[in-house]
Amino acid sequence: MSKYSVTNLSFETPKAEQMKLETALKRIQGVRSVLISLARKEFSLTCTGMEPNIHVLKEACSGAGFQLSRKI
């Protein structure tokens, strides 16, 4: 399971926005599951094969209104 930090994710993030991020990440080919942790301001991915390219993840996050910070 790979973990990524998101700078603008927090307990104040509305559930609808969290779902928007989760949906955007699940649309990426090879992503099987997404787990969002508000306490740690991060998300974890489980993939069926190779992990998606960081640029693809950044684009998905950006499209959902979030800023991917770095891999943890």
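Scroll up for the structure.
As the structure is a computational prediction, the values presented were derived from the model and not from experiment.

**Focus on the overall build of the chain**
And step 1. Assigned secondary structure in the chain consists of two helices and four strands.
And step 2. Listing every helix and strand of the chain by position from the N terminus yields β-α-β-β-α-β.
And step 3. Taken over the C-alpha trace, the chain has a radius of gyration of 11 Å; the compact-globule value for 72 residues is 11 Å, and the two agree within 12%.
And step 4. When the backbone C-alpha atoms are referred to their principal axes, the chain occupies close to 35 × 20 × 20 Å.
And step 5. Burial analysis of the chain (72 residues in total) assigns 40% to the buried set.
And step 6. For the chain, the proportion of contacts with a sequence separation of at least 24, taken over those separated by at least 6, is 66%.
And step 7. For the chain, the distance from the average position of its 11 positive side-chain charges to the average position of its 6 negative side-chain charges is 4 Å.

**Things to note about the pattern of salt bridges**
And step 1. Going through the model one piece at a time under the given rule, you end up with one salt bridge.
And step 2. Residue Lys 26 pairs with Glu 22 through a salt bridge whose shortest N-O separation is 2.8 Å. In this pair, Lys 26 and Glu 22 are both assigned in helix H1 (residues 15-26), four residues apart and thus about one turn of the helix distant.

**Some details on H1**
And step 1. With 12 residues, H1 should reach 16 Å at 1.5 Å per residue; the first-to-last C-alpha distance of 16 Å fits that figure.
And step 2. The inward-facing, buried residues of H1 abut strand S2 (31-37), strand S3 (42-47) and helix H2 (54-63).

**Brief notes about the sheet that holds strand S1 (residues 2-6)**
And step 1. As summarised here, the arrangement of the four strands in space is S2-S3-S1-S4, forming an open sheet in which the pairing is antiparallel. The sheet is open, and its two edges are formed by S2 and strand S4 (68-71), each paired on a single side. For this sheet the average axis-to-axis angle between neighbouring strands, irrespective of direction, equals 25 degrees.
And step 2. As judged from the four bridges shared by S1 and S3, these two strands associate in the antiparallel manner. Note on S3: the bridge partner recorded for Lys 3 is Ser 44.
And step 3. Set on the sheet, H1 makes contact with S2 and S3; between it and S2 the angle comes to about 155 degrees.

**Description of the packing of aromatic side chains**
And step 1. The full count for this structure, using the stated rule, is one aromatic pair.
And step 2. Geometrically, the ring pair formed by Tyr 4 and Phe 43 is stacked, given 5.4 Å between the ring centres and 25 degrees between the ring planes. Taken together, the positions of Tyr 4 in strand S1 and Phe 43 in strand S3 put the pair 39 residues apart, joining distant regions of the chain.
And step 3. Looking at Tyr 4, the relative accessible area reads 1%, which means it is buried.
And step 4. Taking the relative accessible area as the measure of exposure, Phe 43 reaches 0% and is therefore buried.

Criteria and cut-off values
- Residues numbered from 1 in each chain as written.
- Predicted model: local features only at pLDDT ≥ 70, side-chain atom pairs only at ≥ 80, totals over all residues.
- Heavy atoms only, no water.
- Helix = DSSP H or I, 4+ residues; strand = E, 2+ residues; numbered from the N terminus.
- Rg over C-alpha atoms; globule rule 2.2 N^0.38 Å.
- Buried < 20%, exposed > 50% of the residue type's maximum accessible area, 1.4 Å probe, protein only.
- Contact = heavy atoms within 4.5 Å.
- Lys, Arg positive; Asp, Glu negative; His and termini not counted.
- Charge placed at Lys NZ, Arg CZ, Asp CG, Glu CD.
- Salt bridge = Lys/Arg side-chain N within 4 Å of Asp/Glu carboxyl O.
- Expected span 1.5 Å × (residues − 1).
- Pairing = 2+ DSSP bridges.
- Axes fitted to C-alpha atoms, helices over the stretch in contact; angles between N-to-C directions.
- Phe/Tyr/Trp six-rings, centres within 6.5 Å; stacked < 30°, edge-to-face > 60°.

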